Amino acid sequence: MPNFEILDLNSFWSLWYWILTVVAWSMNSHFTMGVPHDCVQRAERLGGAWEEHVDALAVVYSTRLRYFMERGGVFMAGFVAFILAVLVTLGFGFGSEIAQALTMLVAPLIFANVFTVRLALRVSRDGLKGAPLRLALSRRRLWNQVIGLCAILAQTGVATWYFLNVMNAPH
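This one's a predicted model, so the numbers in the text were calculated from it and none came from an experiment.

Reading the values: rules and limits
- Residues numbered from 1 in each chain as written.
- Predicted model: local features only at pLDDT ≥ 70, side-chain atom pairs only at ≥ 80, totals over all residues.
- Heavy atoms only, no water.
- Helix = DSSP H or I, 4+ residues; strand = E, 2+ residues; numbered from the N terminus.
- Buried < 20%, exposed > 50% of the residue type's maximum accessible area, 1.4 Å probe, protein only.
- Contact = heavy atoms within 4.5 Å.
- Areas by Shrake-Rupley, 256 points an atom, 1.4 Å probe, with all protein chains shown as cover.
- Lys, Arg positive; Asp, Glu negative; His and termini not counted.
- Charge placed at Lys NZ, Arg CZ, Asp CG, Glu CD.
- Axes fitted to C-alpha atoms, helices over the stretch in contact; angles between N-to-C directions.
- Left-handed = near helix turned anticlockwise from the far one by under 90°.
- Nonpolar A, V, L, I, M, F, W, Y, C, P; charged D, E, K, R; others polar.
- Core = buried A, V, L, I, M, F, W, Y, C linked by side-chain atoms within 4.5 Å.
- Expected span 1.5 Å × (residues − 1).
- Phe/Tyr/Trp six-rings, centres within 6.5 Å; stacked < 30°, edge-to-face > 60°.
- Lys NZ or Arg CZ within 6 Å of the ring centre and 35° of its normal.
- Patch = residues over 30% accessible without salt bridge, like charges linked within 9 Å, V, L, I, M, F, W, Y side chains within 5 Å.
- Salt bridge = Lys/Arg side-chain N within 4 Å of Asp/Glu carboxyl O.

Focus on the overall build of the protein chain
Here comes step 1: Secondary structure assignment for the protein chain yields five helices and two strands.
Here comes step 2: For the protein chain, the α and β elements follow one another from N to C terminus as α-β-β-α-α-α-α.
Here comes step 3: For the protein chain, the C-alpha atoms occupy an extent of roughly 65 × 35 × 30 Å along the three principal directions.
Here comes step 4: When the 171 residues of the protein chain are sorted by exposure, 34% land in the buried category.
Here comes step 5: Considering only residue pairs separated by 6 or more positions, the protein chain has 74% of its internal contacts joining residues 24 or more positions apart.
Here comes step 6: Counting every atom, the protein chain has about 10,700 Å² of accessible surface; 70% of that belongs to carbon and sulfur.
Here comes step 7: Treating the 13 positive side-chain charges of the protein chain as one cloud and the 10 negative ones as another, the clouds have centres 9 Å apart.

Observations concerning the packing of helix α2 (residues 37-46) against helix α3 (residues 49-93)
Here comes step 1: Running from N to C, α2 and α3 point in directions that differ by 140°, and their axes come no closer than 7 Å. By crossing handedness, the relation of α2 to α3 is classed as left-handed. For the pair formed by α2 and α3, the contact residues are Cys39, Val40, Arg42, Ala43 and Leu46 on the first element and Trp50, Glu51 and Val54 on the second.
Here comes step 2: Here the contact of α2 with α3 is built from residues that sort into six nonpolar, no polar and two charged.

Observations regarding unusual backbone geometry
Here comes step 1: Here methionine 33, not a glycine, exhibits a phi torsion of approximately 55°, which is positive.
Here comes step 2: Relative to the helices and strands, methionine 33 is located in the loop between β1 (31-32) and β2 (35-36).
Here comes step 3: Residue methionine 33 is classed as buried on the basis of its relative accessible area of 3%.

With respect to the environment of valine 106
Here comes step 1: As for its placement among the helices and strands, valine 106 is situated in helix α4 (residues 97-126).
Here comes step 2: The partly exposed category is assigned to valine 106, whose relative accessible area is 28%.
Here comes step 3: When the C-alpha atoms of valine 106 and glycine 95 are compared, they prove to be 17 Å apart, with eleven residues separating the residues in sequence.

Some remarks on the nonpolar core
Here comes step 1: Counting 14 residues, the largest nonpolar core has Met33, Val35, Val54, Leu119, Val123, Leu133 and Leu137 as its most contacted members.
Here comes step 2: Taken together, the elements giving at least two residues each to this core come down to α2, α3, α4 and α5 (130-167).
Here comes step 3: In contact with valine 54, not counting residues within four places along its chain, are Val35, Cys39, Val40, Ala43, Leu133, Arg134 and Leu137.

Regarding α4
Here comes step 1: With 30 residues, α4 should cover 44 Å at 1.5 Å per step; its first-to-last C-alpha distance of 44 Å lies within 8% of that length.
Here comes step 2: Glycine 127, located one to two residues past α4, shows a positive phi value of around 65°.

Side note on the packing of aromatic side chains
Here comes step 1: One pass over the structure, following the stated rule, counts three aromatic pairs.
Here comes step 2: Plain terms: the ring middles of phenylalanine 111 and phenylalanine 115 are 5.0 Å apart, the flat faces sit at 90° to each other, and that makes the pair edge-to-face. Placement of the pair is phenylalanine 111 and phenylalanine 115 together in helix α4, with a separation of four residues, close to one helical turn.
Here comes step 3: The ring of tryptophan 50 carries the charged tip of arginine 42 above its face, separated from the ring centre by 5.2 Å.

A look at a nonpolar patch on the surface
Here comes step 1: Residues Tyr67, Phe68, Met69, Met76, Phe79, Val80, Phe82, Ile83, Val86, Leu90, Phe94 and Leu121 make up a contiguous nonpolar surface patch of roughly 1,100 Å² in combined accessible area.
Here comes step 2: Within the secondary structure, leucine 90 is located in helix α3.
Here comes step 3: A residue is classified by how much of its surface remains accessible, and leucine 90, at 39% relative accessible area, is partly exposed.

Let's talk about the pattern of salt bridges
Here comes step 1: Applying the stated criterion across every chain yields a total of five salt bridges.
Here comes step 2: In this structure, glutamate 44 and arginine 134 form a salt bridge, with 2.7 Å as the shortest nitrogen-oxygen distance. One end of the pair, glutamate 44, is in helix α2; the other, arginine 134, is in helix α5, with 90 residues separating them in the sequence.
Here comes step 3: By relative accessible area, glutamate 44 is classed as exposed at 53%.
Here comes step 4: Across the pair arginine 134 and glutamate 51 runs a salt bridge, and its minimum N-O distance is 3.3 Å. Here arginine 134 is found in helix α5, whereas its partner glutamate 51 is found in helix α3, with 83 residues between them in sequence.
Here comes step 5: Residue class for glutamate 51 comes out partly exposed when judged on its relative accessible area of 28%.

Structure, rendered in structure tokens:
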């Protein structure tokens, strides 16, 4: 049975949960709309081919996101809302720690990605290129980082609350 200790459902106290949290937010803020931030920085600093690469990546990813949103955006939004409602109900209604942890991880990521999709639609609609595109990508990255910071602070707050109220409750 020692192999199953890795899959501990006490999520807030699992090292794997916090590694997943850090990786999720690192990836979310580094790849804004699919464009790596280091490419945006190089395009700003060096120009030329790097600007063309950033513009091309942004067009590809914005077209891709727009395609998915036009094909099934409403159904995807409904499915995501259903899953989030189930997680919130199980976590905060029934006290499941794994559902609370998943809610605290997934809900802010969904929130940040809604704004990323909005940026993709704006890039596609307005044809953003060059400096305005790089500025929009950098701002979106900054806001993703702010959302991520607030999410991690909220996760630690919920974990502390859970520890103080549930784990230390007299039996």
